Amino acid sequence: MISGHDVGEGIVELIYQNIITNLVMGAAADPHYSRGMSITSRKAEYVSQHAPHSCKIWFICKGKLIKQRERSFYLGNPSDSFSEFSTSAEKPISKGRRRDEEEEPESPKEHPGWILEPEESPKKGRKETIEKSKSNESDEDPRLEDFKCPISMEIMRDPHVAADGFTYEAEEFRKWLRSGGRTSPKTNKPLENHNLVPNHTLRIIIKDWLEKNPNYKR
């Protein structure tokens, strides 16, 4: 028999080998779902404690987000960054110094014959660069193409997998069928059936992305 820890070790090893930065996995078997539940899967618990800090993990059950472990570069125990909501560590305060004390920056030493000209604050330049980068972040994100329905070319809210193996917005695919479509919208090959299966993983990833990009123009 293979234990949950053995499976968990294998998952963690794959994360390291493939440099995985985003992972969605089950927190428990679907029949065990209940409101306010926590992780009951031994392999999920192992992964939450031993996966590298650079990997963000969503733990789901029956399509619902149960727990979320944020990406972190903290060098302590991986479980320290595991929580239902994102947390951030405070900057440690040096011993013997008060919190409200700040180090005075050293003034530049003048050199005979040199005239110090006022320079533009580097913070201002960095701020403008960051703001410009944020404004273009959503447009440049290569994952956007994976988030869009092949039929409507809009970001999916209810992604479902069709018989052709591609993911579509559920209502858009049903409209396709109602309009007489009997082939795959992507490959134009006949569909074996008209069944749709919810793509819970993609739905969670898209929802998380939209929360981080609230100004994205659809």
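Position numbers for residues count from 1 along each chain, tracking the sequence in the order it is written. With pLDDT at 70 or above as the cut-off, local features in this predicted model cover only qualifying residues; side-chain atom pairs require 80 or more to be listed or tallied, and sums for whole chains, interfaces and linings still use all residues. Each side-chain value is derived from all of the structure's non-hydrogen atoms; neither hydrogens nor water enter the calculation.

Looking at an unreviewed UniProt entry, one finds the protein chain named RING-type E3 ubiquitin transferase and attributed to Arabidopsis thaliana x Arabidopsis arenosa. UniProt, in the comment section headed Function (unreviewed entry), describes the protein chain in these words: "Functions as an E3 ubiquitin ligase." UniProt positions are given in the numbering used here, feature names are shortened, and annotations may be inferred rather than shown by experiment.

Student: Can you walk me through the pattern of salt bridges in this structure?
Tutor: Two side chains bearing opposite charge may form a pair once their charged atoms approach each other closely. Each reported salt bridge corresponds to a side-chain nitrogen of Lys or Arg within 4 Å of a carboxyl oxygen of Asp or Glu. Taken as a whole and judged by the stated rule, the model has 6 salt bridges. Glu-70 serves as the salt-bridge partner of Lys-56, at 3.7 Å between the closest nitrogen and oxygen. Residue Lys-56 is located in strand S2 (residues 56-61), and its partner Glu-70 is located in the loop between strand S3 (64-69) and strand S4 (82-83); the two are separated by 14 residues in the primary sequence. We call a residue buried when its accessible area falls under 20% of the maximum for its residue type, exposed when it is over 50%, and partly exposed in between, using a 1.4 Å probe and counting protein chains only. We classify Lys-56 as buried; its relative accessible area is 2%. Judged by its relative accessible area of 13%, Glu-70 falls in the buried class. Across the pair Lys-148 and Glu-145 runs a salt bridge, and its minimum N-O distance is 3.9 Å. The network of salt bridges with shared partners includes Lys-56, Glu-70, Asp-208 and Lys-212. Helix and strand definitions here come from DSSP, where helices need a minimum of 4 consecutive H or I residues and strands a minimum of 2 consecutive E residues; each element is numbered from the N-terminal end.

Student: Would you take a moment to explain the packing of aromatic side chains for this structure?
Tutor: The relation between two aromatic rings is expressed through the spacing of the ring centres and the mutual angle of the planes. Each aromatic pair joins two rings of Phe, Tyr and Trp (for Trp, the six-membered one) with centres within 6.5 Å, and gets the label stacked for planes under 30 degrees apart, edge-to-face for over 60, and tilted for any other angle. All told, the structure shown has 2 aromatic pairs when counted by the stated rule. Summarising the aromatic geometry, the rings of Phe-147 and Trp-209 are spaced 5.8 Å apart at their centres and angled 65 degrees between planes, so their arrangement reads as edge-to-face. Taken together, the residues Phe-147 in helix H4 (residues 144-147) and Trp-209 in helix H6 (residues 200-212) connect sequence positions 62 residues apart.

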